[in-house]
Each structure stands twice: as structure tokens, then as C-alpha cells.
Amino acid sequence: MEEIKQMRSEEIKKYQLSSSQLVFIIIQICVGSAILVLPRTISETARQDSWLAIIISGFMWVLALFIMYRLASRFPRQTIIEYSPQILGKYFGSLISVSYFLYSASTAAIIARHFTTILTSFVLPQTPILVNLTILILVALYSANMGFKTMARLHQFLFFALAPAFLLLVPAGFEIDLLNLQPVFGTGIKTIIKGSFNATFSYIGPEILLLIFPFIKQKRKAFKYSAVWNLSFSSYGLQ
């Protein structure tokens with residue numbers, strides 16, 4: 001038992017992440033192809049109150065992050081796969097573990113398919129989707145095999161490499177007409193709440209905290225860093 005704990009400690013130390021690296025991981029996970037269709041998805045429901053729906057969905061994710069943080073804090077050296085059986089028992093705990101795996105796998109598959117479709121349509125129209133998809137999967141498998149720390153460094157590099165693209169939003173900011181936001185609450189509270197649920201699916205990704213929490217060096221700052229980024233991402237969605 002002591003040998004297992006020692007091996008676990010060495011593994012955690014080897015792949016330990018800083019709080020800033022956690023932020024970069026969450027950024028790259030959240031910002032995906034879903035952000036391209038977010039305005040249309042919400043405006044079809046909440047119309048001029050879409051900005052309220054985005055803010056509400058951002059706070060909903062902050063609440064979810066707080067719950068995940070409190071849960072993970074009770075088992076600081078274990079992942080959700082490991083502590084689920086301790087909370088719910090062998091069978092229900094295993095069901096949660098399998099559900100988390102299936103959810104992650106299906107989400108990754110959907111995102112990969114959407115990404116390669118967009119890539120093929122606008123950047124590499126002469127390249128078959130299967131080729132782009134295969135390259136994407138191979139790169140993902142290679143980075144995952146190198147460990148969390150290598151993935152975090154890759155995400156950090158990609159963030160600064162792609163950050164100049166956000167400057168494209170600056171000219172659009174001068175074209176904002178606040179009259180388009182009126183009448184505020186004109187669509188009704190129920191419609192706004194419904195739109196916020198639609199926006200919530202565009203923010204999927206922070207739940208990875210349940211898996212990588214043991215590898216975070218400054219665990220007390222994990223929620224603060226994750227929440228600040230999530231609210232910042234909501235602000236980006238308002239653009």
C-alpha cells in the first residue's frame with residue numbers, strides 16, 4: 001500500500017501543473033468551433049436579450065465549477081474515477097466513472113468532427129475530411145501520451161500564437177448599437193433562461209477539473225483561476 005502511495009506521489013509530482021497552466025488548458029478546451037455558432041443559437045431563442053442569456057450561462061458554469069472544486073478538494077490526490085466508488089459504492093461509482101469516460105469520448109468525437117469539417121470547408125478544401133481527422137487524432141494522442149505538463153505547455157503556446165486573432169474584434173466594437181439591446185427583458189424571463197441553457201453547451205470543458213485536480217500545484221487557487229477565465233469567456237461571448 002505504501003509503495004502504491006509513493007508511486008502515486010511521484011506521478012503527481014512529475015506531471016504537476018501551475019494554476020496559470022490550468023487556465024490555459026481550460027481556455028483551449030472551451031474555445032472551440034461551438035463559439036462560431038453561439039450567436040445564432042442564442043439569438044434564435046432570446047433574440048435581443050441574448051447578452052443576458054450569455055451572462056447567466058457564465059454564472060451557471062461558475063456555480064458548477066465551485067461544486068466541482070469543493071468535491072475535488074475532499075479527495076485532493078484522486079481523480080473522479082478513483083473517488084466515485086468511495087462515495088457511491090462499487091457499482092454506482094463505477095457507473096459514474098464509465099459515464100464520465102463516455103461523455104468525454106463522445107464530446108471529443110463531436111468536437112473533432114466539427115473542427116475537421118470547418119477546417120476542410122474553409123482552409124483545406126482539397127484535403128479529405130478523413131485525412132484531417134486522422135492527423136488531428138494522432139496529434140492529440142501524442143500530446144496526451146506526453147502528460148499533462150506537456151499538454152499545458154502546448155496550450156500555452158497556442159494561446160499566445162492565436163491571441164492576435166482576438167484583435168479582429170476591436171473594429172467590430174465600434175459598430176455596436178446599444179439600441180439593438182432594447183427592450184431589455186422583452187422576450188421574458190423563461191425565454192432568457194432557455195437561451196442560457198443553450199449557451200451553456202458552448203462552454204463545455206471546465207469539467208476536466210475533476211480529472212486533473214490532483215495534478216494542480218496550488219489547489220486553493222484552482223477555483224479562482226477557473227472562475228475568472230469562465231467569466232472572461234462569457235464576456236468574449238458577448239462580442
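Here, every reference points to the structure presented above.
Notes on the structure follow. Worth saying up front: this structure is predicted, and the values here are computed from it rather than measured.

1. Side note on the overall build of the chain
- Helix and strand counts for the chain stand at 12 helices and 0 strands.
- When the helices and strands of the chain are read in sequence order from the N terminus, they spell out α-α-α-α-α-α-α-α-α-α-α-α.
- Classification of the 239 residues of the chain by burial places 32% in the buried group.
- In the chain, once contacts between residues fewer than 6 apart in sequence are set aside, the share between residues at least 24 apart is 81%.
- About 15,000 Å² of surface is accessible on the chain, with carbon and sulfur atoms providing 69% of the total.

2. Here's the deal with the nonpolar core
- The biggest cluster of nonpolar side chains holds 31 residues, and the ones touching the most others in it are Leu22, Ile42, Leu209, Phe213 and Ala222.
- Elements represented by at least two residues in this core include exactly helix H2 (19-30), helix H3 (34-46), helix H4 (50-73), helix H5 (80-88), helix H10 (189-200) and helix H11 (209-212).
- A total of 8 residues in this core trace back to one element, the largest contributor, which is H4.
- Non-local contacts of Leu22, meaning those with residues more than four positions away in its chain, are made with Leu209, Ile212, Ile216, Ala222 and Ser226.

3. Describing a nonpolar patch on the surface
- Taken together, the side chains of Ile87, Leu88, Tyr91, Phe92, Leu95 and Ile96 present a nonpolar region at the surface, about 670 Å² in accessible area.
- The set of elements that each furnish at least two residues to the nonpolar patch consists of H5 and helix H6 (90-122).
- The element best represented in the nonpolar patch is H6, accounting for 4 residues.
- By relative accessible area, Ile96 is classed as partly exposed at 34%.

4. Some details on the packing of aromatic side chains
- In total, this model carries 2 aromatic pairs according to the counting rule given.
- Look at Tyr69 and Phe213: their rings are 6.0 Å apart centre to centre, the planes differ by 75°, and that puts the pair in the edge-to-face class. With Tyr69 in helix H4 and Phe213 in the loop between H11 and helix H12 (222-238), the pair connects residues that are 144 residues apart, well separated along the chain.
- Overall, the relative accessible area of 12% leaves Tyr69 in the buried class.
- Taking the centre distance of 4.8 Å and the plane angle of 15° together, the rings of Phe75 and Tyr83 count as stacked.

5. Looking at the side chain of Asn132
- Relative to the helices and strands, Asn132 resides in helix H7 (residues 129-145).
- Here Asn132 falls in the buried class, since its relative accessible area comes to 7%.
- Side-chain polar atoms of Asn132 contact the side chain of Thr120, separated by 2.9 Å.
- Discounting residues that sit within four places of it in the chain, Asn132 has contacts with Thr116, Leu119, Thr120, Leu124 and Thr127.

6. So, H6
- Under the 1.5 Å per step criterion, the end-to-end length of H6 is 48 Å for 33 residues, consistent within 8% with the ideal 48 Å.
- Looking only at H6, the buried set comprises Gly93, Ser97, Tyr100, Thr107, Ala112, Thr116 and Thr120.

Each value, and the rule that gives it
- Residues numbered from 1 in each chain as written.
- Predicted model: local features only at pLDDT ≥ 70, side-chain atom pairs only at ≥ 80, totals over all residues.
- Heavy atoms only, no water.
- Helix = DSSP H or I, 4+ residues; strand = E, 2+ residues; numbered from the N terminus.
- Buried < 20%, exposed > 50% of the residue type's maximum accessible area, 1.4 Å probe, protein only.
- Contact = heavy atoms within 4.5 Å.
- Areas by Shrake-Rupley, 256 points an atom, 1.4 Å probe, with all protein chains shown as cover.
- Core = buried A, V, L, I, M, F, W, Y, C linked by side-chain atoms within 4.5 Å.
- Patch = residues over 30% accessible without salt bridge, like charges linked within 9 Å, V, L, I, M, F, W, Y side chains within 5 Å.
- Salt bridge = Lys/Arg side-chain N within 4 Å of Asp/Glu carboxyl O.
- Phe/Tyr/Trp six-rings, centres within 6.5 Å; stacked < 30°, edge-to-face > 60°.
- Polar contact = N/O pair within 3.5 Å; in protein donor to acceptor, adjacent residues only side chain to side chain.
- Expected span 1.5 Å × (residues − 1).

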